[in-house]
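In case you want the letters, here they are:
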Amino acid sequence: MIPVKENQLSHHRHIVSVAVALPVHDTFCYSIPEPLAPHACPGKRVLVPFGRRTVTGYLVGPAEEPTDKIDPMEIKHILDVLDDTPLFPETMIPFFQWIAAYYMHPLGQVIHTALPAGLNLADIAVLTIGGAGAEAVATPHPSPLEKIVLSALAKRPAGIKQLQKEIGQPVSWALIHQLRQRGWIQVDRQIKARQIRPKTVRWVTVKQTAPASERFSVQRKIIRNLLETKGDLSVPELKTRVPTAPALVRAMQKAGQVTVYEKTVYRDPFGDPIEPDIPPRLTAEQAEAVSAMAPLLGQGFKTVLLAGVTGSGKTEVYLRLTQAALDKGLRVLVLVPEIALISQIERRYRARFGETVAILHSGLSQGERYDQWIRIANADATIAIGARSCIFAPFGDVGLIIVDEEHDASYKQEGGLSYNARDLAVVRARHHNALTILGSATPSVQSWYNVSVGKYATARLTRRINRQPLPAIQIVDLSQSRDDRGIRRYITAPLQQAIKKTLDDGNQALIFLNRRGFSAFVICGHCGQPLRCKNCDISLTLHKRANAFRCHYCGFSKAAVSTCPSCGSDKIRLLGVGTEKIQEAMTHLFPEARVARMDRDTMTRKGSIVNLLKDLKHRRIDILVGTQMVAKGHDFPGITLVGVVCADLTLNFPDFRAGERTFQLLAQVAGRAGRGDRPGRVILQTYNPNHFSILAAKDQDFKAFFDQEIGFRKALGYPPFSRMIAVRISGKDSKQAAAHARALGENCRKLLTADGPYCGRIQVMGPIEAPLSRIAKHHRWQILVKSQHTAMLHRFAYELILDHRAAPAGRQVKVTVDVDPFFLM
Ligand code: ADP
Ligand code: ZN
Ligand code: ZN
């Protein structure tokens, strides 16, 4: 799979460094017993003794310490080598090591996170005896165990677990590898998941030699004509002109008038075949961007921020640069936000580059993902496209990394290894001396700051492809309708009129509200008690269709009641709106319209998003109501109106990025309007019509937003003027969690003593109760550590956490570290 010299470690006297997949921060030295030596190489999994246990680890290279310092009596042996080929290229190990150090996460667990599930050879290998093996059984060469194994396999092929059961004793992978090397057995990977068969379509060539006959039916003449003028065509294509084409082609084939051949086609996420596309002529702006960036390929590490308004054709720029990279023999990694899995990028890449594209994302089955991973590792694919975990795609070398919608929050992994794939793209590019392109219509404050200080270069696309102006945005002040009753508080007259006009014109409307459910709060009108989740410190939301009160943080759900659990009053009041209520209002106000909803409640079944988008594309939906799921990436020419019901929901979060997120979300959702040849319009309702985040979103003007925001960040010393590490403490027992948070806070103060290195360089905020102080029965505290000195910040955090380990809190309290935290709730 990956070319490695099998015994390249032998000159290190068989002592290697192993990262175990356990929460320990060091790597460990092991020696390789002679028989395993040919199989042990970096990138493979090994079985090692660890304390009194036997654990899996990853072989990451020769021992770090000089081998003459290692006492040969002390060192333990590797017990087995678990893979026949490396799972990742050796060149990725420094990248993994960087991640481990920066995100303060054990190396073995970093590697474990990077590898997709289903790579475990033990689960999928099928052992079959080879011809030479059958002969060998009869000779005295094999050892007794080998003989037993061979005779068992001679009866029937088996997986290793099955084999062990059959012969009643353990079989090591080392033995399997040996038998395989001698050619006695064969090891095949069998993927249990369903195999995707490539889809093929029939293509038709006209036989020039066949005489045109006057006796041809009109239809046959049309087909012949088409083929003669246009060249080969597919049967589905012919069918669009002549409905009976499939049958006619068969008849014509029989009569020797045409020949038919099969061609593999790729399917888009809608299940439709993807025809190869013809690159369009670039606009002047696109051409300029491409010719500015293409020469940077293969010229060393560099990052360019491609800032282009929504609909300006960024994807076409990515495609051209990808082509330029391939022309130079470079490999390409393309990251897209989670929601864009179903967007057009994958389709467009397939249409342009066909078989050289590998796709990695959570929508694939284990078997499919395994196949894609191996194609990348084998370099069968030259382009890998995927969501955030695709940053770990096992290319030995990468020349271009593209991050689409670089501002998107879905690049941040929460929990476990908390990494940011956008940031890792730049890090990986540095390791490979590659070019990174970060694209967005609403670049993050962090990235634009890097442009402003000269760390990143920039390229701009300022106009939409269709030459349409950006949609006209009308701001509606919601406080004017505060006294209106019922739904008119939220669907104001201007919005209602705009929807009506859109429908009258035969266009589609997108109504956005970033809250699902029917009501936002449930409150008792008598005693004033809100109904709260029993696990969280959060009020419940009514979901009318499900007739349930639900918690949006832990998923707790209970049957909707009509009386207050505290006082028994029946004056239950539903405050605020969610998408469910907006959908109901739309159905009520526009009874003729076909209304659909897209949020996490309606999109639970696999394929439901795809079906809904398909309906939208084919104009089977007139009004789409949705949460931020509708905001990103989609390109639907029929949508001419975007209505934002309430722009303020994210604005008041106690998080320093609240303004940035609001700006990005609004500018992106507004960008969904007017992407076809009809101009778009946006109605943006808000209680804060003069807030700069909202005004900047109105003009999709990220520069205006940045110029204001950066002042606040600077004044308060927030990123990008500093870096932060969040230490999170959580536990079921409120007293224990609080006590532990305070103890860690005390440690911080000790480390900050006046004459120490951290004094005046590190700022500690907290411990405080997290803004969401209880989620899923866990009480949450946080300490934010902030500094302008990255290295010092890390040293401080390491000391703090290691100190804490000296006085562990027991299993009741969990401490996690989030470097460059994104959500401070
Ligand atoms: P963005 O990602 O910047 O929002 P897209 O890449 O989705 O924009 O492009 C918007 C639309 O314009 C797409 O339908 C795309 O196919 C089309 N397009 C892009 N470049 C060109 C071009 N040079 N000529 C014609 N159409 C183009
Ligand atoms: Zn009450
Ligand atoms: Zn809850």
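You'll find the structure just up there.
Analysis parameters
Residues numbered from 1 in each chain as written. Chains lettered and ligands numbered in written order. Predicted model: local features only at pLDDT ≥ 70, side-chain atom pairs only at ≥ 80, totals over all residues. Heavy atoms only, no water. Pairing = 2+ DSSP bridges. Helix = DSSP H or I, 4+ residues; strand = E, 2+ residues; numbered from the N terminus. Axes fitted to C-alpha atoms, helices over the stretch in contact; angles between N-to-C directions. Core = buried A, V, L, I, M, F, W, Y, C linked by side-chain atoms within 4.5 Å. Buried < 20%, exposed > 50% of the residue type's maximum accessible area, 1.4 Å probe, protein only. Contact = heavy atoms within 4.5 Å. Arc of directions from axis to C-beta. Parallel < 35°, antiparallel > 145°, perpendicular 65-115°, else oblique. Nonpolar A, V, L, I, M, F, W, Y, C, P; charged D, E, K, R; others polar. Salt bridge = Lys/Arg side-chain N within 4 Å of Asp/Glu carboxyl O. Donors = N, O, S within 2.8 Å, 3.2 Å for Na, K, Ca; no water. Tetrahedral: all angles 85-135°; square planar, octahedral: opposite > 155°, others 65-115°. Near = heavy atom within 4 Å. Polar contact = N/O pair within 3.5 Å; in protein donor to acceptor, adjacent residues only side chain to side chain. Areas by Shrake-Rupley, 256 points an atom, 1.4 Å probe, with all protein chains shown as cover. Phe/Tyr/Trp six-rings, centres within 6.5 Å; stacked < 30°, edge-to-face > 60°. Lys NZ or Arg CZ within 6 Å of the ring centre and 35° of its normal. Patch = residues over 30% accessible without salt bridge, like charges linked within 9 Å, V, L, I, M, F, W, Y side chains within 5 Å. Lys, Arg positive; Asp, Glu negative; His and termini not counted. Charge placed at Lys NZ, Arg CZ, Asp CG, Glu CD.

A. How the structure looks around the sheet that holds strand S29 (residues 639-644). One open sheet accounts for 6 strands, arranged S20-S30-S29-S21-S28-S27; its pairing is parallel. Pairing within the sheet leaves two strands with one partner each, and these edge strands are strand S20 (472-477) and strand S27 (595-598). Taking the axes of each pair of neighbouring strands and ignoring which way they run, one obtains an average angle of 20 degrees across the sheet. Note: strand S21 (residues 508-512) against S29, 5 bridges, orientation parallel.

B. Structural view of the nonpolar core. Counting residues in each nonpolar core, the largest one holds 117 residues, and the members touching the most others are Ile 391 and Phe 392. Filtering out sequence-adjacent residues up to four positions away, Ile 391 remains in contact with Phe 95, Leu 333, Leu 335, Tyr 419, Ala 421, Leu 424, Ala 425 and Arg 428.

C. Molecular detail of helix H2 (residues 107-114). Residues of H2 that are buried include every one of Leu 107, Gly 108, Val 110, Ile 111 and Ala 114, and no others. The buried residues of H2 all sit within an arc of 160 degrees when viewed along its axis, so they share a single face.

D. Just the packing of helix H5 (residues 144-155) against helix H7 (residues 173-181), in detail. Direction vectors running N to C along H5 and H7 enclose 75 degrees, while the axes themselves pass 11 Å from each other. When the interaxial angle is binned, H5 and H7 end up roughly perpendicular. Counting all contacts with H5, which are made through Leu 145, Glu 146 and Val 149, the residues of H7 involved are Leu 175, Gln 178 and Leu 179. Broken down by class, the residue content of the contact of H5 with H7 amounts to 4 nonpolar, 1 polar and 1 charged.

E. Representation of the environment of Val 171. Along the chain, Val 171 falls in the loop between helix H6 (160-167) and H7. Through-space distance from the C-alpha of Val 171 to that of Arg 467 is 68 Å; in sequence the pair is 296 residues apart. Those residues within four positions of Val 171 in sequence are excluded, and the remaining contacts are Val 149, Ile 160, Leu 163, Gln 164 and Ile 176.

F. Summary view of the sheet that holds strand S2 (residues 28-31). The strand order S5-S2-S1-S4-S3-S6 describes an open sheet built from 6 strands, whose pairing is mixed. With one partner strand each, in any of the chains shown, strand S5 (76-77) and strand S6 (80-81) form the two edges of the open sheet. Note that strand S3 (residues 45-50) and S6 share 2 bridges and pair antiparallel. Following the sheet pairing, Val 46 is matched in S6 by Val 81. Contacting strand S1 (15-20) and strand S4 (53-62), H2 runs over the sheet at an angle of about 90 degrees to S4.

G. View of the pattern of salt bridges. If you walk through the whole model with that rule in mind, you get 25 salt bridges. Close ionic contact of Arg 422 with Glu 406 constitutes a salt bridge, the shortest N to O distance being 2.7 Å. Pair noted here: Arg 422 is in helix H15 (residues 421-432) and Glu 406 is in the loop between strand S17 (400-403) and H15, with a separation of 16 residues, a long-range link. A salt bridge links Arg 713 to Glu 709, with the shortest nitrogen-to-oxygen separation between them at 2.8 Å. With Arg 713 and Glu 709 both in helix H22 (residues 702-716) and 4 residues apart, this pair spans about one turn of that helix. For Arg 713, a relative accessible area of 3% corresponds to the buried category. On the basis of relative accessibility, which here comes to 5%, the residue Glu 709 falls in the buried class. Overlapping salt bridges bring together Asp 277, Glu 316, Arg 320 and Arg 352 as one network.

H. Structural view of the coordination of the zinc ion (ligand 2). In the first shell of the zinc ion (ligand 2), the protein supplies Cys 524 (SG), Cys 527 (SG), Cys 564 (SG) and Cys 567 (SG), at 2.3 to 2.4 Å from the metal. Around the zinc ion (ligand 2) sit 4 donor atoms, and with donor-metal-donor angles ranging over 106 to 115 degrees the site reads as tetrahedral. As a motif over one chain, the donors of the zinc ion (ligand 2) read C-x2-C-x36-C-x2-C. Here Cys 524, found in strand S22 (residues 521-524), pairs with Cys 564, found in the loop between strand S25 (557-559) and strand S26 (572-575); they are 40 residues apart in sequence, far enough to count as distant.

I. Examining the environment of Leu 649 more closely. Its place among the elements puts Leu 649 in the loop between S29 and helix H20 (658-670). Taking the C-alpha atoms as reference, Leu 649 lies 8.3 Å from Thr 662; in sequence the two are 13 residues apart. In contact with Leu 649, not counting residues within four places along its chain, are Leu 513, Asn 514 and Arg 515.

J. Fine view of the site of ligand 1. In the vicinity of ligand 1 lie 17 residues, with Arg 281, Gln 286, Gly 311, Lys 314 and Asp 635 positioned nearest. In this structure, an oxygen atom belonging to ligand 1 sits 2.6 Å away from a main-chain N or O atom of Gly 311. With respect to ligand 1, the side chain of Lys 314 contributes an N or O atom lying 2.9 Å from an oxygen atom. Contact with the protein chains removes 74% of the 560 Å² of surface that ligand 1 exposes when unbound. By residue number, the principal contributor to the shell around ligand 1 is helix H12 (residues 314-327), which donates 3 residues. Across the shell around ligand 1, the residue classes tally to 4 nonpolar, 7 polar and 6 charged.

K. Representation of the packing of aromatic side chains in the model. The final tally for this structure, using the stated rule, is 17 aromatic pairs. For the ring pair Tyr 349 and Phe 353, a centre distance of 5.6 Å and an interplane angle of 35 degrees mean the geometry is tilted. Here the residue Tyr 349 and the residue Phe 353 both occupy positions in helix H13 (residues 344-353), the gap between them amounting to 4 residues, near one helical turn. In terms of burial, Tyr 349 and Phe 353 fall into one category: buried. Considering the side-chain rings of Phe 822 and Phe 823, the 5.8 Å spacing of their centres and the 75 degrees angle between planes classify their relative orientation as edge-to-face. Residue classification places Phe 823 among the partly exposed residues on the basis of a relative accessible area of 31%. Taken together, the aromatic side chains of Phe 88, Phe 95, Phe 96, Phe 392 and Tyr 419 make up a single cluster linked through ring pairs. Lying across the ring of Trp 184, Arg 182 places its NZ or CZ 4.8 Å from the centre. For Lys 786, the ring lying beneath its charged end belongs to Tyr 718, and the centroid distance is 4.7 Å.

L. Structural view of the side chain of His 794. Tracing the sequence through the fold places His 794 in helix H24 (residues 790-806). Dropping the residues within four chain positions of it, His 794 is found in contact with Ala 101, Tyr 102, Met 104, Ile 725 and Val 819.

M. Expanded view of a positive patch on the surface. Taken together, the side chains of Arg 482, Arg 485, Arg 489 and Arg 573 define a basic patch exposed on the protein surface. Looking at the secondary structure, you find Arg 482 in the loop between S20 and helix H17 (493-504).

N. Fine view of the environment of Pro 654. Of note, Pro 654 is situated in the loop between S29 and H20. The spatial distance from the C-alpha of Pro 654 to the C-alpha of Ser 362 is 31 Å, given a sequence separation of 292 residues. With residues up to four places along the chain from it excluded, the contact list for Pro 654 reads Pro 771, Leu 824 and Met 825.

O. Molecular detail of the pairing of S1. Most of S1 is tucked away, with 6 of its 6 residues classed as buried. Neither face of S1 is exposed, since Ile 15, Ser 17 and Ala 19 on one face and Val 16, Val 18 and Val 20 on the opposite face are all buried. Two elements, S1 and S2, share 4 bridges in a ladder whose sense is antiparallel. Bridge assignment links Ile 15 to a residue of S2, and that residue is Ser 31. Across 5 bridges, S1 lies against S4 in antiparallel orientation. Along S4, the bridge assignment pairs Ser 17 with Gly 61.

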